[in-house]
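Take a look at the letters that make up each chain.
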Amino acid sequence: MTKRKIVVALGGNAILADDASAAAQQAALAETAKYLVQFVKQGDQLIISHGNGPQVGNLLLQQAAGSTAKNPAMPLDTAVAMTQGSIGYWLENAMDKALADAGLPQDVATIVTQVAVADDDPAFSDPSKPIGPFYTSAEITAERQAHPDNVYVEDAGRGYRRVVPSPKPIDVKEANVVNALVDAGVIPVAVGGGGVPVVKVGNQLVGREAVIDKDFASEKLAELVHADLLIILTAVDHVFVNFNQPDQKQLTTVTAAELTAYIQDDQFAKGSMLPKIQAALDFVNNRPSGQVVITSLANVGNFLENGSGTIIRQ
Ligand SMILES: Nc1ncnc2c1ncn2[C@@H]1O[C@H](COP(=O)(O)OP(=O)(O)O)[C@@H](O)[C@H]1O
Ligand SMILES: NC(=O)OP(=O)(O)O
């Protein structure tokens, strides 16, 4: 069997459900790693990416709470890098154990990844990426008073959440490093939290306070490393049309043209499934030999056995 190069993007539930403690997130990743090792077992070359919305928002709150003149809070770009480090550590640690349990020799290495964005991206003046915890309507007034510069929005009936700018990724600075690691048989963890947003000023990359969508960043990386497959793991086994309606229908294999028609028909929720679909379209349009799979961690075994999941191709 030929080796496939796969970028796998981990959704929120792969790391954090309700309990934001380090122990609970590590326990979730220990389970996640067992699923990911199934790809390695069958010979695929993996590159792992992950989100950081809850974690980076929590980190900013911790920074603000302990901030003094001698111990200042770090800016958002640095906080994104910090979550790449913490989640990367948890992932390496969990994957090391799962690989050893399966008798596999691969090493795992986290790359602190810088992702280029455009300074004139309209997202900088229109914050949309939810980060950190949910607030009730009773809590949000105090939160707004404590942090008057922050923007908060109501999130689909689930409470209020801080939102920050989320510019589109243009380039991944460390893409060649990621590929070199893959060629050396290492499993890289890269573009964590969408990557650290940077803009180029002369020869200097300068951080920008934003959180890039991890599905868009994973797509860009998949393009740049010439991946065969982009797998977006989330909470659902399939993408649906008429989602949550009595006549909902799961999508199995779907073409870019069909997906575009479904977008025009408003089938995918903004801020949840829509960015995944847009990332999928970008990948198959920019890399016509590539495919995208959207499914859940729990369904990985079925995907490997019989192709279960939503498969998107040109
Ligand atoms: N058409 C759709 N088909 C499937 N899921 C959908 C659809 N529209 C919205 N969703 C929701 O989108 C969620 C995935 O988005 P989100 O939770 O933001 O992703 P992540 O796993 O990256 O955190 C699914 O769990 C599902 O509840
Ligand atoms: N950076 C990012 O997209 O994180 P989430 O997937 O956790 O929202």
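Residues numbered from 1 in each chain as written. Chains lettered and ligands numbered in written order. Predicted model: local features only at pLDDT ≥ 70, side-chain atom pairs only at ≥ 80, totals over all residues. Heavy atoms only, no water.

(A) Broad picture of the packing of helix H1 (residues 22–41) against helix H3 (residues 76–101). Packing of H1 against H3 brings their axes to within 8 Å, and their N-to-C directions diverge by 50°. It follows that H1 is oblique to H3 by the angle criterion. The handedness of the crossing between H1 and H3 comes out as right-handed. Here H1 contributes Ala22, Gln25, Gln26, Leu29, Ala30, Ala33, Lys34, Leu36, Val37 and Val40 to the contact with H3, which in turn contributes Ile87, Tyr89, Trp90, Leu91, Ala94, Met95, Ala98 and Leu99. Within the contact of H1 with H3, the residues separate by chemical class into 15 nonpolar, 2 polar and 1 charged. (Axes fitted to C-alpha atoms, helices over the stretch in contact; angles between N-to-C directions. Helix = DSSP H or I, 4+ residues; strand = E, 2+ residues; numbered from the N terminus. Parallel < 35°, antiparallel > 145°, perpendicular 65-115°, else oblique. Left-handed = near helix turned anticlockwise from the far one by under 90°. Contact = heavy atoms within 4.5 Å. Nonpolar A, V, L, I, M, F, W, Y, C, P; charged D, E, K, R; others polar.)

(B) Broad picture of the site of ligand 2. In the region of ligand 2, the neighbouring residues are Gly51, Asn52, Gly53, Pro54, Lys129, Gly193, Val211, Ile212, Asp213 and Lys214. Isoleucine 212 places a polar main-chain atom, nitrogen or oxygen, 3.0 Å from a nitrogen atom of ligand 2. Contact with the protein chains covers 88% of the free accessible surface of ligand 2, which is 260 Å². Considering only residue class, the shell around ligand 2 consists of 3 nonpolar, 4 polar and 3 charged. (Near = heavy atom within 4 Å. Polar contact = N/O pair within 3.5 Å; in protein donor to acceptor, adjacent residues only side chain to side chain. Areas by Shrake-Rupley, 256 points an atom, 1.4 Å probe, with all protein chains shown as cover.)

(C) Structural detail: the UniProt feature "domain: Aspartate/glutamate/uridylate kinase" (unreviewed entry) in the chain. As recorded in UniProt, the sites labelled "domain: Aspartate/glutamate/uridylate kinase" (unreviewed entry) are residues 5–287. Summarising residues 5–287: 40% helix, 22% strand, and an end-to-end C-alpha distance of 13 Å. (UniProt positions renumbered as here; feature names shortened; annotations may be inferred.)

(D) Fine view of the packing of aromatic side chains. Evaluation of the coordinates by the stated rule reveals 2 aromatic pairs. Ring centres 6.1 Å apart and planes at 80° place the aromatic pair tyrosine 135 and tyrosine 152 in the edge-to-face group. Separated by 17 residues along the polypeptide, tyrosine 135 in strand S5 (residues 129–135) and tyrosine 152 in strand S6 (residues 151–154) bring together distant segments of the chain. The pair tyrosine 135 / tyrosine 152 is uniform in exposure class, with both members buried. Between phenylalanine 240 and phenylalanine 243, the ring centres sit 5.9 Å apart and the planes meet at 35°, which makes this aromatic pair tilted. Residue classification places phenylalanine 240 among the buried positions, given a relative accessible area of 16%. Its end group placed over the ring of phenylalanine 134, arginine 161 keeps NZ or CZ at 4.7 Å from the ring centre. (Phe/Tyr/Trp six-rings, centres within 6.5 Å; stacked < 30°, edge-to-face > 60°. Buried < 20%, exposed > 50% of the residue type's maximum accessible area, 1.4 Å probe, protein only. Lys NZ or Arg CZ within 6 Å of the ring centre and 35° of its normal.)

(E) A look at the site of ligand 1. Near ligand 1 there are 17 residues, and of these Lys214, Thr234, Phe240, Gln267 and Lys276 occur at the shortest range. Measuring from an oxygen atom of ligand 1, one finds a side-chain N or O atom of threonine 234 at 2.6 Å. With respect to ligand 1, the backbone of glutamine 267 contributes an N or O atom lying 3.2 Å from a nitrogen atom. Burial of ligand 1 by the protein chains amounts to 78% of its free accessible area of 580 Å². Grouping the constituent residues of the shell around ligand 1 by class yields 8 nonpolar, 7 polar and 2 charged.

(F) Seen up close, the sheet that holds S6. One open sheet holds the 3 strands; their spatial order is S5-S7-S6, and the pairing between them is antiparallel. A strand with exactly one partner marks an edge of an open sheet, and here the two such strands are S5 and S6. Direction aside, the axes of adjacent strands within the sheet are offset by 35° on average. Sheet topology note: the S5/strand S7 (residues 160–164) ladder contains 4 bridges and is antiparallel. In the sheet register, tyrosine 135 faces S7, and the bridge partner there is tyrosine 160. The strands that helix H2 (residues 53–65) touches are S5 and S7; relative to S5, the one it contacts most, it runs at about 65°. (Pairing = 2+ DSSP bridges.)

(G) Highlighting the layout of surface pockets. Estimates place the volume of the second largest pocket at around 310 Å³. Considering the residues around the second largest pocket, the lining is formed by 22 residues, among which Leu60, Ala64, His147, Asn150 and Arg162 are closest to the centre. Of all the elements in the fold, those that place two or more residues in the lining of the second largest pocket are H2, S5 and helix H4 (137–146). At 5 residues, the largest contribution of residues to the lining of the second largest pocket is made by H2. Class assignment for the residues of the lining of the second largest pocket results in 13 nonpolar, 5 polar and 4 charged. (1 Å grid on protein atoms, 1.4 Å probe; cavity = no way out; pocket = protein on both sides within 12 Å on 5 of 7 lines; lining within 4 Å. Points joined across faces, edges and corners; volume = space filled by probe spheres on them.)

(H) Molecular detail of the nonpolar core. By size, the foremost hydrophobic cluster in this structure holds 37 residues, and its most contacted members are Leu221, Leu259, Phe268, Val292, Ile294 and Ile312. Of all the secondary structure elements, the ones that give two or more residues to this core are helix H5 (175–183), helix H6 (214–224), strand S12 (229–234), helix H7 (256–264), helix H8 (273–286) and strand S16 (291–296). With 7 residues, the top contributor of residues to this core is H8. Contact partners of leucine 259, with chain neighbours within four places excluded, come to Leu251, Val254, Phe268, Ile277, Leu281 and Ile312. The next biggest cluster of nonpolar side chains, apart from the first, holds 32 residues, and it includes Leu29, Phe39, Val189 and Leu297. (Core = buried A, V, L, I, M, F, W, Y, C linked by side-chain atoms within 4.5 Å.)

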